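# Observations on chain architecture
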Amino acid sequence: MSFLAANAEYFDGCSSRSRPVEARLCGNSVLQIRGEGVSLEVERTALRVGERVGRATWSVELSGGGGLAFAPTAEAEALLAALERRGAARFVQSFEHSRRWAVAALLLVVFAAWAFVVHGLPTLAARGAALVPHDVELVLGEEGLRWLDELLEPSALDEDRKAAIVGLFARAASTMPLPSAPRLELRRGEGIGANAFALPGGIVVMTDELVELSRHDDELVAVFAHELGHVFHRHTLRRLLQSSAVALLATLVTSDISSVTTLGTTIPTVLLEAGFSREMEREADDFALTTMDAAGVGHEHFAAILERLEASTGSGSIPEFLSSHPSTRARVENANR
Amino acid sequence: MDNAPSAPALVVEPRTERLRFTATGGEYFRIWIVNLLLTIVTLGIYSAWAKVRKQRYFHGHTHLAGSTFDYHARPIAILKGRVIAAILFGLYLLATESSPIFLLVVVGMYLLIAPWIVLQALRFRARMSSWRGLRFGFGGTLGESYVVFALLTLLVPLTLGALLPYWWYRRQRFVLGYLRFGATQCSFRARVGSYYRVFGVLLAIVIGLSVIAGVLILMVSLAATLSGMRVPEDGEGAPWVITVGAYVVALLFGSVVNGCLRAMLGNVAIDGLRLGSHRILARFDAAKLVGIQLTNTLLVLVTLGLYTPWAQIRLQKYLVERIRLEVDGDLDSFVTAQSESLSATGGEMADVFDIDLGF
């Protein structure tokens, strides 16, 4: 008669005494446990094999209390394999056991992480941004402006010029299909130089240096149109949601809670360092060119301010207006088409 | 053999049993990666099963006096707890992003239910662990949990941190002092004075580190001003360096403080612990622990998280193997508690919260 047997430790469940025993499966239904002072016959239905994980000690619980502990030997493996129920746990065990599966699992995890960051996150961020009410977005924008103001100075333009530019902005915006009226904030750029930003909630920030760089009001209209393109597509909010999700993921991986910051404080970082994606810039450009057509503003103004901006950026950080990945040349050509 | 009557009173050197941890990073990596994959594929639901497999792996590799520990929780119970925890965490996230009044309400609710959750978690964790077929248990009361996790938690900021060492003392006394193994109770003998001493040392470390950090920041900003005068070719590099530098400084600072805290308080708490008449001793070395945590964090970052299983095993091995049991008599005579002879199939708890409590 063939049987399976393995050495184990037996505990009676009442005391912490450990007794060496031999566990033997006779036939197919009864487990015999024999050792010094121990002689038990346990029905298969009255025991439960604990989930086996790697080569950590394997255990069997007996329904009367007490149990067996097996060192991970080949005999114990054969005995427990015969005793345990066939279920999902065994499937997982065979996964963990195989080196090939481990490599496959690793590749799949890396692929899933990549797919999530490249495709999942932008989609989720766009969906999430659509759910954010306008007034919440505006609160975020105000918070971002407060942080941006740490880097900027009040505008030094004279009041007449300021009023004229704000009027120009309002007129340009009124021709565009925006959900709510945007607002222009003028600032002196200092270290940041000629630049313009779109904040959540429709706040557009433009520096005096950019105003001084322009030679025609329609060039400013072109910049407004591009920034309002970002506003229309809620790019800053989407970018913000993406970067905070990445921060959250990084936190989960490294378990470092201290790296989580509130959303608003990251706006300057997003605008100045991360920038928008190639696709977002193209969307903003397309929006700008289409709305300029509708308002009867020539594309050459868009191309002119782009080229002048590029020529002016000898030092300092790259303006947001230029920070896109598509080359300025391609964008100028696109505008001239 | 029978020399008792004539022999002089012998000073019997108490037998010490060291805990051993035999898990390896390579083996755990395969368990970890399969857990991770299945958790992703099932959108997080498998995480409860993953938790049980991890705990069973860790318990089954922890040896004391020739026998290993065991973990008995059922994943479904953990899943329930996780769903509730996720809802609470979602509420908290919502609260931090919206109105301050809502935040106040949520924080109030948290203080109201946190002590109950902590108690459930401590009970669950103890009851799901066993050694040589005997379950652990936890006998802390809800009333004391409220004192420690609501009242004192509120008082610590109100007293500007003067109660912080006392709060830690009460917390560790609660978490460790009410543990029992079978019917044998633990007792917690550490004194509150030891906690004030440890926090004094820690304060000195924090002040020392702050001075060093201050000098470093001064030097960096000086260097930045000097290089700013020379006008860098492109200013793109500068903000990155500062951001990364700030992260590195924060990481170093946090690791040193955290490692020292864990090591010193761990020694105080565990050394003050008795299981019946057996003494439990810990010899954590702050410098060693800081070194392990720092290199772990660094390697996890460099490998984009893939080093995590090795890091966990390495830390656990250090923590486990620095704990010893000074045996009084033998370890065979513990008995099960009368009230809770848990059968193999029954004995599950209905409501379970599974949260990490640090200790």
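Everything below is about the structure shown above.
A short tour of the structure in this document, coming up.

About the cut-offs
Residues numbered from 1 in each chain as written. Chains lettered and ligands numbered in written order. Predicted model: local features only at pLDDT ≥ 70, side-chain atom pairs only at ≥ 80, totals over all residues. Heavy atoms only, no water. Helix = DSSP H or I, 4+ residues; strand = E, 2+ residues; numbered from the N terminus. Buried < 20%, exposed > 50% of the residue type's maximum accessible area, 1.4 Å probe, protein only. Contact = heavy atoms within 4.5 Å. Salt bridge = Lys/Arg side-chain N within 4 Å of Asp/Glu carboxyl O. Polar contact = N/O pair within 3.5 Å; in protein donor to acceptor, adjacent residues only side chain to side chain. Axes fitted to C-alpha atoms, helices over the stretch in contact; angles between N-to-C directions. Parallel < 35°, antiparallel > 145°, perpendicular 65-115°, else oblique. Left-handed = near helix turned anticlockwise from the far one by under 90°. Core = buried A, V, L, I, M, F, W, Y, C linked by side-chain atoms within 4.5 Å. Pairing = 2+ DSSP bridges. Phe/Tyr/Trp six-rings, centres within 6.5 Å; stacked < 30°, edge-to-face > 60°. Lys NZ or Arg CZ within 6 Å of the ring centre and 35° of its normal. Nonpolar A, V, L, I, M, F, W, Y, C, P; charged D, E, K, R; others polar.

Okay, the overall build of chain B next. Looking only at helices and strands, chain B features 10 helices and 11 strands. Of all 359 residues assigned to chain B, the portion counted as buried reaches 43%. Once local pairs closer than 6 in sequence are excluded, the contacts in chain B between residues at least 24 apart make up 74%.

All names here are of chain A. This model, assessed by the stated rule, comprises 26 salt bridges over all chains. Of the charged contacts, one joins Arg34 and Glu41 as a salt bridge, the two residues approaching to 2.6 Å between their closest N and O atoms. Given a relative accessible area of 48%, Glu41 falls into the partly exposed group. The shortest N-O distance in the salt bridge between Arg187 and Asp149 comes to 2.6 Å. Of this pair, Arg187 sits in strand S9 (residues 183–188) while Asp149 sits in the loop between helix H4 (134–148) and strand S8 (153–154), and the two are 38 residues apart along the sequence. Three or more residues joined by partner-sharing salt bridges are found here, namely Glu142, Asp149, Arg183, Glu185 and Arg187.

Another point: the side chain of Glu185 of chain A. Residue and element names in this part refer to chain A. Note that Glu185 resides in strand S9. A polar contact is formed between the side chain of Glu185 and the side chain of Arg183, at a distance of 2.9 Å. Those residues in contact with Glu185 that sit more than four places away from it in its chain are Leu145, Ile203, Val204, Val205 and Met206.

Moving on to the packing of helix H5 (residues 142–158) of chain B against helix H6 (residues 164–177) of chain B. Residue and element names in this part refer to chain B. Where H5 contacts H6, the two axes come as close as 10 Å, and the packing angle between them is 165 degrees. If you check the angle between H5 and H6, you find them roughly antiparallel. By crossing handedness, the relation of H5 to H6 is classed as left-handed. Packed against H5, whose contacting residues are Glu144, Ser145, Val147, Val148, Phe149, Leu152, Thr153 and Val156, the element H6 presents Leu164, Tyr166, Trp167, Arg170, Arg171, Arg173 and Phe174 at the interface.

Next up on the list: the nonpolar core. In this structure, Ile33, Tyr57, Phe188, Tyr195 and Phe284 of chain B are the most contacted members of the largest nonpolar core, which totals 77 residues. When residues of this core are assigned to their parent elements, the largest contribution, nine residues, is made by helix H8 (residues 237–271) of chain B. Residues within four places of Ile33 of chain B in sequence aside, it is in contact with Ala102, Ala105, Leu106 and Val109 of chain A. In terms of nonpolar packing, the next biggest core, distinct from the first, is built from 38 residues, Leu178, Met206, Phe224 and Met292 of chain A among them.

Let us now look at the sheet that holds strand S3 (residues 30–35) of chain A. Residue and element names in this part refer to chain A. In space, the seven strands of this open sheet follow the order S4-S3-S2-S1-S7-S6-S5, with antiparallel pairing throughout. One side of each edge strand has no neighbouring strand; the edge strands of this open sheet are strand S4 (38–43) and strand S5 (47–49). Strand-to-strand twist in this sheet, taken as the mean axis angle between neighbours without regard to direction, amounts to 30 degrees. For strand S1 (residues 4–11) and strand S7 (residues 67–70), the ladder comprises three bridges, and the chain directions are antiparallel. The partner of Glu9 across the bridge, within S7, is Ala69.

On to the packing of aromatic side chains, then. Residue and element names in this part refer to chain B. All chains considered together, the criterion is met by 25 aromatic pairs over all chains. Between Phe21 and Phe58, the ring centres sit 5.6 Å apart and the planes meet at 55 degrees, which makes this aromatic pair tilted. Here Phe21, found in strand S2 (residues 20–21), pairs with Phe58, found in helix H2 (residues 47–60); they are 37 residues apart in sequence, far enough to count as distant. Taking the relative accessible area as the measure of exposure, Phe21 reaches 0% and is therefore buried. Its relative accessible area of 8% is what places Phe58 among the buried residues. Judged by centre distance (4.9 Å) and plane angle (75 degrees), the rings of Phe181 and Phe334 are edge-to-face. Taken together, the residues Phe181 in strand S7 (residues 179–181) and Phe334 in the segment after strand S11 (323–327) connect sequence positions 153 residues apart. The residues Phe181 and Phe334 share a single accessibility class, namely buried. Joined through ring pairs, the aromatic side chains of Phe69, Trp131, Phe136, Phe181 and Phe334 make up one cluster. The ring of Phe58 has Lys54 sitting right over it, with the charged end atom 5.3 Å from the ring centre. Its guanidinium or amino end placed over the ring of Trp167, Arg171 lies 4.3 Å from that ring's centre, counting from NZ or CZ.

Turning next to unusual backbone geometry. A positive phi angle, near 55 degrees, is found at Arg234 of chain A, a position not held by glycine. With respect to the helices, strands and loops of the structure, Arg234 of chain A is situated in the loop between helix H7 (217–232) and helix H8 (235–254). In this model, Leu160 of chain B sits at a positive phi of 55 degrees, which is unusual for a non-glycine residue. Of note, Leu160 of chain B is situated in the loop between H5 and H6. The exposure class of Leu160 of chain B is exposed, given its relative accessible area of 80%.

All names here are of chain A. Residue position: Phe287 is located in helix H10 (residues 278–295). As a C-alpha pair, Phe287 and Ser277 span 10 residues in sequence and 15 Å in three-dimensional space. Those residues in contact with Phe287 that sit more than four places away from it in its chain are Met176, Pro177, Leu178, Ala225, Leu228, Gly229 and Phe232.

This part covers the pairing of strand S10 (residues 196–199) of chain A. Residue and element names in this part refer to chain A. The alternating pattern of S10 places Ala196 and Ala198 on one face and Phe197 and Leu199 on the opposite face, and all of these are buried. Of the pairings in the sheet, the one linking S10 to strand S11 (residues 203–207) comprises four bridges and is antiparallel in character. When the sheet's bridge partners are listed, Leu199 is paired in S11 with Ile203. As consecutive antiparallel partners, S10 and S11 are separated by three residues, and within that stretch Gly201 has a phi angle of approximately 85 degrees, a positive value.

Let's shift gears to the packing of helix H11 (residues 299–312) of chain A against helix H12 (residues 328–336) of chain A. Each pair of packed helices gets described by two things: the angle between the helix axes and the distance between those axes. Residue and element names in this part refer to chain A. Following both chains from N to C, one finds H11 and H12 inclined at 165 degrees, their axes separated by 8 Å at the closest point. Regarding the angle of H11 to H12, the classification is roughly antiparallel. Like other packed secondary-structure pairs, H11 and H12 cross with a definite hand, here left-handed. Touching His299, Glu300, Phe302, Ala303, Leu306, Glu307 and Glu310 of H11 are Thr328, Arg329, Arg331, Val332, Ala335 and Asn336, all from H12. Looking at side-chain class alone, the contact of H11 with H12 contains five nonpolar, three polar and five charged residues.

None of the figures reported here should be taken as evidence of function without further support.
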